[in-house]
Amino acid sequence: MFSFKSLLDMPRWEAVAAAVLLVAMMGYTIISLGWLPHMSIISAIIALILYGLCRGLKYNDMQNGMIQAISQGMGAVYLFFFIGLMVSALMMSGAIPTLMYHGFGLISPTYFYFSAFVLCSVVGVAVGSSFTTCATVGVAFMGIAMAFEANLAMTAGAVVSGAFFGDKMSPLSDTTGIAASIVGIDLFEHIKNMMYTTIPAWLISAALMLWVLPTVAVDDLDNIENFRNALEATGLVHLDSLIPFALLAVLAMMRVNAVVAMIFCTIAALVVTYFYSSPDLQQLGAWFFSGYKLEGGQFKDISRLISRGGLESMFFTQTIVVLGMSLGGLLFALGVIPALLDIIRNFLTNISRATFSVATTSLGVNILIGEQYLSILLAGETFKPVYDRLGLHQRNLSRTLEDAGTVINPLVPWSVCGVFISQTLNVPVWEYLPFAFFCYLSLILTLVFGWTGLTLTKK
């Protein structure tokens, strides 16, 4: 996992006790006290440092373990800087607003739930944030559902499924970037490999929403048309704005490094921006740091959808990557992770058992702690050496982390995503859970492929 030797040869029982206490502490502080994961992780780090000092270790040695772990995650930190810049550029150029405008034209009253799923998928990929998709387009769909007298739980399930498809597959998503960087593979390689489980899960979900869920026979689409008109009134909707997306797609297919592709996409978006408007350098600096801001009182209803991006928006994710990698390095330095791996070494003898162990670990962290970032970070760091030993390519690991980590979090009532979505959409998690088809289909498919070996690749 890391290029240094553990400082302690920890007994298995002690490692299990330490892991259980850590999970219990983080679970209590996040679930019961409502702490942000940053505070829970830093508390766990402090507790481990004090434990190491009691065992006679030097702080500098433990710090070196954390520093070496962080160095392996710096790729994600750099990646998120450029994601923040690119999102701002895509907003100011009109690329994302144009994609949303045309996406709203897909809504069909007869196939309302399917329309919600498809549009949230499109917006989710464009925005790269399940929270933003649910808080904007999702809220709009819940309002339309009430006007149409549609089933609110089914509508919320469709919104969540589409939003987390986008969160999983968008190069702008922080969880996608974390999963790729934690195992050390290219972002676009990770996204391409996820298609083996994601596309079938999406198609099955679409079929269920088309042919299993009931239709909503309402002809009034005034709310959607008003939303489209508001987008068009911003002046950001024009076909030229899709050029940056086209360039990004071409560079991805050419397997250009993700950061390099984002730089060229950002430059292309700036060219389009200056072709249609002329923001000064002071305004550009503010937008690139704090995110694009849609000005004008007449755009109040859609400002939350358009005002997004910037370096500042990435700080939350970047700091949790640094802290998460530090925690992983400290757990390894103290000998906790090596001892835990030693316990399951005899079990992890083939591909199916490795996939099952990764999935259950990510699922367990989601259920016990309710934090999707930690489910990716902890499981990724723990099982990297297992995949190396079995001769499996690390992209198999990153895919399983997303299938069992990213998309499962909204199905846990006390999780960060579950609490946010239930409050935003005003539908309890246990009510929309049966209809969030995409989320649990991704987990089922990754377990099936792990058991059969289908789509799994060797080094």
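Residues numbered from 1 in each chain as written. Predicted model: local features only at pLDDT ≥ 70, side-chain atom pairs only at ≥ 80, totals over all residues. Heavy atoms only, no water.

Engineer: Would you take a moment to explain the environment of Glu14 for this structure?
Structural biologist: Here Glu14 lies in helix α1 (residues 12–32). Residues in contact with Glu14, not counting those within four places in the same chain, are Tyr51 and Arg55. Engagement of the side chain of Glu14 in a polar contact is seen with the side chain of Arg55, the distance being 2.7 Å. (Helix = DSSP H or I, 4+ residues; strand = E, 2+ residues; numbered from the N terminus. Contact = heavy atoms within 4.5 Å. Polar contact = N/O pair within 3.5 Å; in protein donor to acceptor, adjacent residues only side chain to side chain.)

Engineer: What am I meant to see in helix α23 (residues 437–452) here?
Structural biologist: Spacing of three or four residues puts side chains on the same side of an α-helix, whose turn is 3.6 residues. Under the 1.5 Å per step criterion, the end-to-end length of α23 is 22 Å for 16 residues, consistent within 8% with the ideal 22 Å. Listing the buried residues of α23 in full gives Phe437, Phe438, Cys439, Leu441, Ser442, Leu443, Leu445, Thr446, Phe449 and Gly450. Looking at the residues trailing α23, positive phi occurs at Gly453, about 85°. (Expected span 1.5 Å × (residues − 1). Buried < 20%, exposed > 50% of the residue type's maximum accessible area, 1.4 Å probe, protein only.)

Engineer: Is there a simple way to think about the packing of helix α8 (residues 152–169) against α23 in this case?
Structural biologist: In a pair of packed helices, the angle between the axes and the distance between the axes together describe the arrangement. Here α8 crosses α23 at 50°, and the two axes come no closer than 7 Å. Judged by the inter-axis angle, α8 sits oblique to α23. Every residue of α23 that contacts α8 at Val160, Ser161, Phe164, Phe165 and Lys168 is listed here: Phe437, Phe438, Cys439 and Ser442. Looking at the contact of α8 with α23, its residues break down into six nonpolar, two polar and one charged. (Axes fitted to C-alpha atoms, helices over the stretch in contact; angles between N-to-C directions. Parallel < 35°, antiparallel > 145°, perpendicular 65-115°, else oblique. Nonpolar A, V, L, I, M, F, W, Y, C, P; charged D, E, K, R; others polar.)

Engineer: Help me understand the packing of aromatic side chains, please; the structure alone is not making it clear to me.
Structural biologist: Any two aromatic rings considered together are summarised by their centre-to-centre distance and by the angle between their planes. Summed over the entire model, instances satisfying the criterion amount to nine aromatic pairs. Taken together, a centroid distance of 5.7 Å and an interplanar angle of 70° make the contact between Phe112 and Tyr113 edge-to-face. Since its relative accessible area comes to 1%, Phe112 is described here as buried. Residue classification places Tyr113 among the buried positions, given a relative accessible area of 3%. Relative to Phe437, the ring of Phe435 lies with its centre 6.5 Å away and its plane at 85°, an arrangement referred to as edge-to-face. Like Phe435, the residue Phe437 is buried in the burial classification. (Phe/Tyr/Trp six-rings, centres within 6.5 Å; stacked < 30°, edge-to-face > 60°.)

Engineer: How do you make sense of the domain arrangement of the protein chain when you look at a structure like this?
Structural biologist: The extent of an interface is frequently quoted as the accessible surface area lost upon association of the parts. Looking at the assigned domains, one finds that the protein chain contains domain 1 (12–43 + 55–73 + 313–452) and domain 2 (92–309). Between the C-alpha centres of domain 1 and domain 2 there is a distance of 27 Å. Every contact between the two is made by 45 residues of domain 1 and, on the other side, 46 residues of domain 2. The contact between domain 1 and domain 2 buries some 3,900 Å² in all, and 76% of this surface belongs to carbon and sulfur atoms. (Domains from an automatic or database assignment. Buried area = accessible area lost by both parts, 1.4 Å probe.)

Engineer: Help me understand the pattern of salt bridges, please; the structure alone is not making it clear to me.
Structural biologist: A pair can form between side chains of opposite charge whenever their charged atoms are brought close. According to the stated counting rule, one finds three salt bridges in the structure shown. In this structure, Glu189 engages Arg395 in a salt bridge whose closest nitrogen and oxygen atoms are separated by 2.5 Å. With Glu189 in helix α10 (residues 187–211) and Arg395 in helix α20 (residues 394–406), this residue pair connects regions lying 206 residues apart in the sequence. For the pair shown, Glu189 and Arg395 are each scored as buried. (Salt bridge = Lys/Arg side-chain N within 4 Å of Asp/Glu carboxyl O.)

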